[in-house]
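Chain by chain, the residues:
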Amino acid sequence: MTDTGVIGVGYIGKLFVDRLTETGHSLTVFDVDDDQVAYAVDKGATAAESPADVARNAEVIVMALPGSPEVEATMEGEDGLLAALDPGDIVVDATTTHPDTSVVCEERCDEADADFVEATITGGSPREGYHVMAGGREEAYERAKEVLDVLADDHVLVGPVPDATVFKLGLQMRYAGHHAVDAEVVEFVRDNGVDPRIFTDFLEFDMFEGYFTGDFSQDIEGMGGLAIWDKDIGYARDVAHEQETALPLNGVVHEAYKATTRRVGEDEGDASALLQYWLALNDAEDRFE
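Residues numbered from 1 in each chain as written. Predicted model: local features only at pLDDT ≥ 70, side-chain atom pairs only at ≥ 80, totals over all residues. Heavy atoms only, no water.

Some thoughts on the packing of helix H7 (residues 163-191) against helix H10 (residues 226-243)
- Running from amino to carboxyl end, H7 crosses H10 at an angle of 125 degrees, the nearest separation of the two axes being 9 Å. Taken together, the axes of H7 and H10 are oblique relative to one another. Crossing handedness for the pair H7 and H10: left-handed. On the side of H7, the interface is formed by Leu169, Gln172, Met173, Tyr175 and Ala176, while H10 contributes Trp229, Asp232, Ile233, Tyr235, Ala236 and Val239.
- Residue composition of the contact of H7 with H10, grouped by class: 9 nonpolar, 1 polar and 1 charged. (Axes fitted to C-alpha atoms, helices over the stretch in contact; angles between N-to-C directions. Helix = DSSP H or I, 4+ residues; strand = E, 2+ residues; numbered from the N terminus. Parallel < 35°, antiparallel > 145°, perpendicular 65-115°, else oblique. Left-handed = near helix turned anticlockwise from the far one by under 90°. Contact = heavy atoms within 4.5 Å. Nonpolar A, V, L, I, M, F, W, Y, C, P; charged D, E, K, R; others polar.)

Overview of the packing of H10 against helix H11 (residues 248-264)
- At a minimum axis separation of 9 Å, H10 and H11 run at an interaxial angle of 145 degrees. The element H10 and its partner H11 pack so that their crossing is left-handed. In contact with Leu226, Ala227, Trp229, Asp230, Ile233, Gly234 and Arg237 of H10, H11 contributes Asn250, Gly251, Val253, His254, Tyr257, Lys258, Thr260, Thr261 and Val264.
- Classifying every residue of the contact of H10 with H11 by side-chain character gives 7 nonpolar, 6 polar and 3 charged.

Some details on the environment of Ala176
- Structurally, the position occupied by Ala176 is in helix H7.
- Among all residues touching Ala176, those that are not within four sequence positions of it are Trp229, Ile233, Val253 and Tyr257.

Examining the nonpolar core
- Ranked by size, the top nonpolar core spans 31 residues in total, and within it Phe16, Val29, Val62 and Val92 carry the most contacts.
- Within the residue set of this core, elements represented by two or more residues are helix H1 (11-22), strand S2 (27-30), helix H2 (34-42), strand S4 (60-63), strand S5 (90-93), strand S6 (115-122), strand S7 (131-135) and helix H6 (138-151).
- Among the nonpolar cores identified, the runner-up in size contains 28 residues, and Met133, Ala183, Ala256 and Ala271 belong to it. (Core = buried A, V, L, I, M, F, W, Y, C linked by side-chain atoms within 4.5 Å. Buried < 20%, exposed > 50% of the residue type's maximum accessible area, 1.4 Å probe, protein only.)

Concerning unusual backbone geometry
- Omega for the bond connecting Val161 with Pro162 falls within 30 degrees of zero, at 10 degrees, which places this linkage in the cis form.
- Tracing the chain through its elements places Pro162 in the loop between strand S8 (154-159) and H7.
- Although it is not a glycine, Asp113 adopts a positive phi angle of roughly 60 degrees.
- Mapped onto the secondary structure, Asp113 falls in the loop between helix H5 (99-111) and S6.
- You can call Asp113 exposed: its relative accessible area is 55%.

So, the sheet that holds S7
- Overall, mixed pairing links the 8 strands, which are arranged S3-S2-S1-S4-S5-S6-S7-S8 in an open sheet. Each edge of the open sheet carries a strand with a single partner, namely strand S3 (46-47) and S8.
- Sitting on the sheet, H6 is in contact with strand S1 (4-7), S4, S5, S6, S7 and S8, with an inclination near 45 degrees to S6. (Pairing = 2+ DSSP bridges.)

Topic: the environment of Val32
- For Val32, the location among the structural elements is in the loop between S2 and H2.
- Among the residues examined, Val32 registers a relative accessible area of 75% and is labelled exposed.

A few points about the packing of aromatic side chains
- The tally for this structure, following the rule as stated, stands at 5 aromatic pairs.
- Taking the centre distance of 6.4 Å and the plane angle of 75 degrees together, the rings of Tyr175 and Trp229 count as edge-to-face. Separated by 54 residues along the polypeptide, Tyr175 in helix H7 and Trp229 in helix H10 bring together distant segments of the chain.
- For Tyr175, a relative accessible area of 14% corresponds to the buried category. (Phe/Tyr/Trp six-rings, centres within 6.5 Å; stacked < 30°, edge-to-face > 60°.)

Put into C-alpha cells, the structure is as follows:
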C-alpha cells in the first residue's frame, strides 16, 4: 500500500488516521499538539518532526488543518512540505481554505513535479458517512483515488482547483444559515412564552441541544466551534466580493457569527453558542441562570 502522511490530527485528522491504520497503510503524522500526535501513534502511526519529515516518508500527504494560514505555513519554509516533496508525490488538502490558497498550493506543487488535489469533506449530507468533493486535474484525481477511497465513503471530482473549495464554502454557508435560523426561531418561540422543545420532542426536528439548555460546551460531533464558522463564511464573503456575487442573506448570518465569536471568544463554546447573539438582542442573557 502507498506510504501515507497526515498533517493535522484534529477531528477530521483523527478520522483519517483511524481509516488509514485500519486498512494497513504505513502512516506518518505531524501535528503541533503532542497529544494529537500521541493519539495517532497509539493507532500505529509514526510521529514526524516537521511537515518536511512527513514528505520524506510518504508518497501521499494529506492535510487536515484549521484554515489558510496553517496550510500556507505547512507548505512553506525550510521544514515545510515543499522542501521535501519528491516528483510524483501527491498532496491532498482536506482543509477548508480560501480558494486562493488552493490555487497557490497547486502552482507550488507543479513546480515540484507533484500533484495537488483538494479534498473538501463533509459528514453532514443526508447520505450516511463522509463525502469528499475533490478539486484538481483529472489525472491527479485518478492518482489520489486509492487514498480517497479510504478517507471517504464516496467522492466526486467537482472540477479544477479551486472549484471544490468554492463548493465547500457554499455548503458551509448552507449549514451556517440553517443553524442561524434555528437559533432565531427557538429564541422567538421561547421569548414569547412558548416551550420550543416541541420542535424536537414532537416534530423531531434536528436542532442543537444547546439552543434549549444553554449548555454550549457539548463539543457537537464534527461541527467545530464558532470561530471555524466565522472563518468559512468570511472566506465565502471574500470570494463574493472579488466576483461581485450578491450574498444578502449570508451577510446577515456572517454578522451573527462574527459578533458572537468576538463576544464569547474564539475557543469558548460549541457551534450552538451562536444562540447568545439572539439572547443579547432580546436582553435575555440571563435566561438560563
